[in-house]
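# Architecture at a glance
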Amino acid sequence: MAESFAQPILSNHQLTKLKEHKYASINNAFLDPYMNHFWLWLVQRVPAWIHPNTLTVGGLVVNALTTLILIYYSPDAKTPAPTWTYFLCGLGIFIYQTLDALDGKHARRTNTSSPLGELFDHGCDALSTMLVTVGVCVTVNLGTDIWWLCFYAFSAEAVFYLAHWQTYVTGTLQFGKFDVTELQFACIFCHLLSTVGGAEFWTAPLPVVNVMPQTFTIWFMVIGVLGSVFLKASIILKGGPGRNGSAVGNMSILSPLFPLAFVLYSAYYVFTRSPETVAEHPLLFVFAFGVVMSKITDRLVVRTLFLGLYYYAPSRYKSR
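This section reports on the structure supplied with the text. The structure displayed is predicted, hence computed values, not measured ones. (Residues numbered from 1 in each chain as written. Predicted model: local features only at pLDDT ≥ 70, side-chain atom pairs only at ≥ 80, totals over all residues. Heavy atoms only, no water.)

Residues L142, L149, C150, W165 and F285 are the most contacted members of the largest nonpolar core, which totals 56 residues. Those elements giving two or more residues to this core turn out to be α4 (52-73), α5 (83-109), α6 (115-139), α7 (146-170), α8 (180-197), α9 (213-237), α10 (257-273) and α12 (282-306). By residue number, the principal contributor to this core is α7, which donates 12 residues. Those residues within four positions of F285 in sequence are excluded, and the remaining contacts are C150, F154, A267, V270, F271 and V278. Counting 9 residues, the second-largest nonpolar core is a separate cluster that includes V43, V46, I50 and L55. (Core = buried A, V, L, I, M, F, W, Y, C linked by side-chain atoms within 4.5 Å. Buried < 20%, exposed > 50% of the residue type's maximum accessible area, 1.4 Å probe, protein only. Helix = DSSP H or I, 4+ residues; strand = E, 2+ residues; numbered from the N terminus. Contact = heavy atoms within 4.5 Å.)

The next thing to look at is the packing of aromatic side chains. Tallied over the entire structure, the rule returns 17 aromatic pairs. Look at F271 and F285: their rings are 6.5 Å apart centre to centre, the planes differ by 40 degrees, and that puts the pair in the tilted class. Pair noted here: F271 is in helix α10 and F285 is in helix α12, with a separation of 14 residues, a long-range link. Both residues of the pair, F271 and F285, belong to the buried class. The structure contains a cluster of three or more aromatic residues connected by ring pairs, namely W147, W148, F151 and W219. (Phe/Tyr/Trp six-rings, centres within 6.5 Å; stacked < 30°, edge-to-face > 60°.)

This part takes up the environment of F160. The residue F160 is located in helix α7 in this model. Of the residues examined, F160 reaches a relative accessible area of 15% and is grouped as buried. Taking the C-alpha atoms as reference points, F160 and S294, separated by 134 residues in sequence, lie 9.2 Å from one another.

Let us look at the packing of α6 against α12. Contact geometry of α6 with α12 gives a least axis separation of 9 Å together with a crossing angle of 155 degrees. As the angle between them shows, α6 and α12 are arranged roughly antiparallel. Of the two possible hands of crossing, α6 and α12 adopt the one that is right-handed. Between α6, through P115, E118, L119, H122, G123, A126, L127, M130, L131, V134 and V138, and α12, the contact on the second element is made entirely by L283, V286, F287, G290, V291, S294, D298, V301, V302 and L305. Here the contact of α6 with α12 is composed, by residue class, of 15 nonpolar, 4 polar and 2 charged. (Axes fitted to C-alpha atoms, helices over the stretch in contact; angles between N-to-C directions. Parallel < 35°, antiparallel > 145°, perpendicular 65-115°, else oblique. Left-handed = near helix turned anticlockwise from the far one by under 90°. Nonpolar A, V, L, I, M, F, W, Y, C, P; charged D, E, K, R; others polar.)

Where α6 meets α8, the axes come as close as 10 Å, and the angle between the chain directions of the two elements is 30 degrees. One finds that α6 runs roughly parallel with respect to α8. Considering the relative orientation of α6 and α8, their crossing is left-handed. Along its contact with α6, which presents V132, G135, V136 and T139, the element α8 presents C187, C190, H191 and S194. Class assignment for the residues of the contact of α6 with α8 results in 4 nonpolar, 4 polar and no charged.

Okay, the side chain of Q166 next. Topologically, Q166 is positioned in helix α7. With sequence-adjacent residues up to four places away left out, Q166 is seen in contact with G171, T172, Q174, K232, I235 and I236.

Below is the structure:
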């Protein structure tokens, strides 16, 4: 047992690949060029002695605190919370978004960019995705329909995983026209609507159309999820730059499917076997599996960084 802990987690070959890793992205997002003016102006005012990872974890902490305050008042995602908690949660998303945009720019500005910083950033993003999702579930009163609450929560986590699966295959993180920044602003807008109209806004039929805003939101989520899955799956299935269309480093393009399918099936199994328990504690259920989804996403990012064959195990990584 002691000898196994003394052995290096990564091989020398993998450590060399880790040092050679360079972050690459293609950003076609609609709002990012406009927000970049604000972000570039703001990053110039960040003191050079502040480490980029401090900005990263600061955004996560703010997002977590504001979301947990909202959950405290509405633990079942259907009890009306004070309107100020919705505003605070929306503000928390904006602060998280801003700090998440600044950390990479600040790292390049201070020449402190590293693969470890990229892993840390994506790890915090995985957790924040879960927090933002749960916050929206509460503000839209999705606790009134547990099935849709779970669908939205797990879909958001799965789409985030697919984005890194796509990076694993192509070597480049790609953003579409309507992507992270746009979705974050949509979530902020939902919180602002609850701030103005209260929780009852989402379940009150709109005049003329006689449809609840909650229903519009659900269908918006369904269309968005299906579109994202189709787009990212099509890129993944086209293959990567490796031999015979394999992923970067000649890795299998389909190997990341297995941990994702296992976690989603496990969640489905618990949901169908213990529906009363899930209905009583829906956010606890989402948090439990959300943390697991974040874990497998982080492992996928690590494998992408050092170009190792994707492997999921609870204790250690295997060398090639």
